[in-house]
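Each chain, letter by letter, is given below.
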Amino acid sequence: MTQVQVEEKKPEYKIVRYSPWLVHFNTGACNGCDIEVLASLTPLYDPERFGVKLAPSIRHGDILVVTGAVTKKAAERLKILYEQMPCPKFVVAVGACAVDGGVFYKSYSVVGGADKVVPVAVYIPGCPPRPEAILDGLVKLLEAIKKGEVEKHGCGDGQTQSS
């Protein structure tokens, strides 16, 4: 009789660090952060040296980049988009509004930051944050994924979703 040893599985989400695809979602921002996010994806800052590319669809994305104060209507859409992303998935809140609601924090229509709706892995503060800061936040996320330090990857118990 042979004994089968069960090896501890390494988290499969670490593969994301080689070529993460971003999906950008504006929850109602002034477009300052949106311009900076798109500027950080230009050849001037060369995000492709880290493998970072803009995904054509939410169903292809690995990292959801959220900008703007999350309004009640946008919160519903943000949750739906997050659920449509394949596992593993990570969320990056860009700008003061996405981090905690910014200057609109106590507005009647604002829920608050993105973390009130979806689990956020990285916060990039600023109004608006510089493209360098956005890339720095993304690189820190990729390093945390490499080291296995990211817990908020949206896949429950750490297992990836099978199609």
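The structure presented is a predicted model; accordingly, all values stated were derived computationally and were not measured.

**Some words on the confidence of the model for the protein**
Fine structural detail should not be taken from predicted coordinates in areas where pLDDT scores are low. On average, residues of the protein score 83 in pLDDT, and 83% of them reach the 70 mark or higher. Counting contacts from residues 5-10, a segment whose pLDDT is below 50, to residues more than four positions away or on other chains yields one contact. Taken as a whole, residues 158-163 scores under 50 in pLDDT and shows 10 contacts with residues more than four places along the chain or in a different chain.

**Considerations on helix 4 (residues 131-147)**
Over its 17 residues, helix 4 runs 24 Å from end to end, which matches the ideal 24 Å to within 8%, given 1.5 Å per residue. Turning to helix 4, the residues buried within the fold contact strand 1 (21-26), helix 1 (32-40), strand 3 (63-67), strand 5 (90-94) and strand 7 (122-124). Following helix 4 by one or two positions, Gly-148 adopts a phi angle in the positive range, close to 75°.

**Here we look at unusual backbone geometry**
A cis geometry characterises the amide bond from Cys-87 onward to Pro-88, with omega recorded as -5°. Residue placement: Pro-88 occurs in the loop between helix 2 (72-84) and strand 5. Cys-127 connects to Pro-128 through a cis peptide bond whose omega is -15°. Tracing the backbone shows Pro-128 in the loop between strand 7 and helix 4. Although it is not a glycine, Asn-31 sits at a positive phi angle of roughly 80°. Structurally, Asn-31 can be placed in the loop between strand 1 and helix 1. We note that Asp-46 has phi near 50°; this positive angle belongs to a residue other than glycine. Its location among the elements puts Asp-46 in the loop between helix 1 and strand 2 (53-54).

Calculation notes
- Residues numbered from 1 in each chain as written.
- Predicted model: local features only at pLDDT ≥ 70, side-chain atom pairs only at ≥ 80, totals over all residues.
- Heavy atoms only, no water.
- pLDDT = per-residue confidence, 0-100.
- Contact = heavy atoms within 4.5 Å.
- Helix = DSSP H or I, 4+ residues; strand = E, 2+ residues; numbered from the N terminus.
- Expected span 1.5 Å × (residues − 1).

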